[in-house]
Amino acid sequence: MKRVYIAILSLIVLAGCNKKEEQPVQANEQQQMNMMLTETFELKKSNPHVKLQLPAEIRADQRTEIFAKVNSYVTDLKVDIGDRVKKGQVLMILNAPELQAQVLSAEAKYKAQEANYISSKATYDRTLKANQTQGAIAPDFLEQITAKMLADQAQLNALKAAYQEVKSIDQYLVIKAPFDAVVTSRQVDVGAYVGPMNKTPLLIVEDTNKLRLNLSISEANTPYLQMGDTVSFTVRTMPQDRFKAIITRKAGSLDLKLRSEQVQADLDNSKGLLKPNMIADAVVQLKAKQASFFVPKSALVESNLGLYLIENKAGIAHHHKVRKGRTMPMMIEVFGDLHEGMRMLKMATEEIADGLKIN
């Protein structure tokens, strides 16, 4: 029995020693936790470059879908997909027999009326010259000659306008390249019947030497992008290469659905590495005109009361409502009734109420 009592007593003594050893350890951990919760930082203004990563789309600088203006047949197709063409180069020749007949008919009517006008004009000139002799020409006859000359002239002008209209339409039978480009689509063959009712374009030509990088910038970030800023981006087909483009156009208005502004950046593609309609991963640098406050993300409290920072003012917690701005990996921009020199809690939580005494 004595041995049993001794063993139990030894266990009690050991347990008491362990408790005495654990208490200082737990106290140190609690002290460190309290120090972390009450750690502060001083507010200072700064103006860093904030990176914004967003998707983008590459488009051709110029892109045109070519349709037939008049009902006709394709008689000659001079280009195919992938061909590079120059401005004014003939791409396709169409044939419209009915239209050509109308042109010939309008031309014949115009020429016939032109002859009539020349004849009546000559008669008018002779009559007017003879009228210089007093009593040689009756006044009624002079009025009739003048009226016929003016009528022939008016009819000639009308027929000339009709002829020019039909002739201008006839020019649509020869389709030419609107600019230096590459043929990226061909949806027609020789002998096909085409016209204005066709929904599919005959050809699509695109200028791929110069490309546009299309970006959609959210409303909050639009003030930080300026004309001439550089945008760097990568594409999935060449992830090892990084390309650059220069912002040259801003929409100046927000999209009604997304509340974002369309921004375009130009880039040189003379080497032909990039292709229109590629998806790019773009990075833009958001630079403000004036310095502002950036705080650690852990210092910003988001609760039902709103967004706020907690100031340690003489050991008393004071809440300051703020609005969020640009975001960095560890820091966030804030706006509010703040000034430099304030001491803010670095690890702020909802449990720290306004007016609470801070150790």
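Check the entry above for the structure.
Since we're looking at a predicted model, the values are computed, not measured.

Sorry if this is basic, but what is going on with the overall build of the protein here?
Helix and strand content of the protein: 3 helices and 20 strands. Here the protein, with 359 residues, has 33% of them falling under the buried criterion. Restricting to contacts in the protein with at least 6 residues of sequence separation, those with at least 24 account for 73%. Element-wise, carbon and sulfur atoms account for 54% of the exposed surface of the protein, whose accessible area totals about 22900 Å².

Can you walk me through the side chain of Q264 in this structure?
Assignment of secondary structure puts Q264 in strand β13 (residues 260–268). A residue is classified by how much of its surface remains accessible, and Q264, at 14% relative accessible area, is buried. In terms of polar contacts, Q264 uses its side chain to reach the side chain of R249, at 2.8 Å.

Looking at this structure, I do not really get the pattern of salt bridges. What am I missing?
Two side chains of opposite charge can pair, provided their charged atoms sit close to one another. Evaluation of the coordinates by the stated rule reveals 15 salt bridges. For D61, the salt bridge goes to R212, with nearest N and O atoms at 3.0 Å. Taken together, the residues span a long stretch of sequence, with D61 in strand β3 (residues 50–66) and R212 in strand β10 (residues 203–218) at a distance of 151 residues. D80 is paired through a salt bridge with R186; the nearest N and O atoms lie 3.4 Å apart. With D80 in the loop between β4 (72–77) and β5 (84–85) and R186 in strand β8 (residues 181–186), this pair connects stretches of sequence that are 106 residues apart.

What should I look at first to understand the environment of Q187 in this one?
Within the secondary structure, Q187 sits in the loop between β8 and β9 (193–194). On the basis of relative accessible area, Q187 is assigned to the exposed category, the value being 52%. Sequence-wise, Q187 and I204 are 17 residues apart; in three dimensions their C-alpha atoms are separated by 8.9 Å. Excluding residues that lie within four positions of it along the chain, Q187 makes contacts with T200, P201 and L202.

Would you mind showing me how to read the sheet that holds strand β6 (residues 90–95) here?
Through backbone hydrogen bonds, the strands of a sheet pair up, either in parallel or in antiparallel fashion. The sheet built from 4 strands is open, its strands ordered β7-β6-β4-β9 with antiparallel pairing. Unpaired on one side and paired on the other, β7 (174–176) and β9 mark the two borders of the sheet.

Sorry, what's going on with the nonpolar core here?
Soluble, globular proteins show a tendency: their nonpolar side chains are buried together. Core analysis: the biggest nonpolar cluster contains 33 residues, and L91, M92 and L94 have the highest contact counts within it. Counting residues per element, the ones that place at least two in this core are β4, β6, α2 (97–130), α3 (139–170), β8 and β10. When residues in this core are grouped by element, the largest group, 6 residues, is from α2. Contacts of L94, omitting those with residues within four sequence positions, involve A68, S72, Y73, V74, T75, Y172, L173, I175 and V194.

Where do I start with α3 in this structure?
Helical geometry: 3.6 residues make up each α-helical turn, so side chains three or four residues apart lie on a common side. The terminal C-alpha atoms of α3 lie 47 Å apart, and with 32 residues this matches the ideal 46 Å at 1.5 Å per residue to within 8%. What α3 keeps buried is the set L142, I145, M149, D152, L156, Y163 and V166. Lining the buried residues of α3 we find α2.

Help me understand the pairing of strand β12 (residues 238–254), please; the structure alone is not making it clear to me.
Every other side chain in a regular strand lies on the same face of the sheet, so the side chains alternate between the two faces. By the bridge criterion, 5 bridges tie strand β11 (residues 230–235) to β12 in an arrangement that is antiparallel. Directly across from F233, in β12, lies its bridge partner F243. Taken together, β11 and the strand that follows it, β12, pair antiparallel across an intervening segment of 2 residues. Once β12 ends, the chain turns through 5 residues before running back antiparallel as β13, passing R259 with a positive phi of about 55 degrees.

Honestly, the side chain of D207 in this entry has me stumped. Any pointers?
Mapping D207 onto the fold places it in strand β10. An unpaired buried charge is present at D207: no salt bridge exists, and R84, the closest side chain of opposite charge, is 6.4 Å distant. Here the side chain of D207 touches N209 through a polar contact of 3.2 Å, landing on its backbone nitrogen. Sequence-distant contacts of D207, that is, excluding residues within four places in its chain, are made with A60, D61, Q62, F179, D180 and A181.

Can you help me understand the pairing of β10 in this one?
Pairing of β3 with β10, which is carried by 9 bridges, proceeds in the antiparallel orientation. Within β10, the position partnered with E57 by the bridge is N214. Sheet topology places β10 next to β13; 9 bridges connect them, and they run antiparallel. The residue of β13 that forms the bridge with L215 is V263.

How should I be thinking about the packing of α2 against α3 in this particular structure?
Helix-helix packing is described using two parameters, namely the angle between the two axes and the distance between the axes. With their axes 8 Å apart at the nearest point, α2 and α3 run at an angle of 155 degrees to one another. Classified by the interaxial angle, the pair formed by α2 and α3 is roughly antiparallel. The hand of the α2/α3 crossing is left-handed. Along the lines of polarity and charge, the residues of the contact of α2 with α3 split into 16 nonpolar, 10 polar and 9 charged.

What exactly am I supposed to notice about unusual backbone geometry here?
Note on backbone geometry: most residues besides glycine have negative phi, and most peptide bonds are trans. Not every positive phi belongs to a glycine, and R259 is a case in point at roughly 55 degrees. Looking at the element boundaries, R259 is found in the loop between β12 and β13. Positive phi values are uncommon outside glycine, yet A314 reaches one of about 55 degrees. Mapped onto the elements of the fold, A314 is located in the loop between β17 (306–313) and β18 (316–327).

Conventions used here
- Residues numbered from 1 in each chain as written.
- Predicted model: local features only at pLDDT ≥ 70, side-chain atom pairs only at ≥ 80, totals over all residues.
- Heavy atoms only, no water.
- Helix = DSSP H or I, 4+ residues; strand = E, 2+ residues; numbered from the N terminus.
- Buried < 20%, exposed > 50% of the residue type's maximum accessible area, 1.4 Å probe, protein only.
- Contact = heavy atoms within 4.5 Å.
- Areas by Shrake-Rupley, 256 points an atom, 1.4 Å probe, with all protein chains shown as cover.
- Polar contact = N/O pair within 3.5 Å; in protein donor to acceptor, adjacent residues only side chain to side chain.
- Salt bridge = Lys/Arg side-chain N within 4 Å of Asp/Glu carboxyl O.
- Pairing = 2+ DSSP bridges.
- Core = buried A, V, L, I, M, F, W, Y, C linked by side-chain atoms within 4.5 Å.
- Expected span 1.5 Å × (residues − 1).
- Lys, Arg positive; Asp, Glu negative; His and termini not counted.
- Axes fitted to C-alpha atoms, helices over the stretch in contact; angles between N-to-C directions.
- Parallel < 35°, antiparallel > 145°, perpendicular 65-115°, else oblique.
- Left-handed = near helix turned anticlockwise from the far one by under 90°.
- Nonpolar A, V, L, I, M, F, W, Y, C, P; charged D, E, K, R; others polar.

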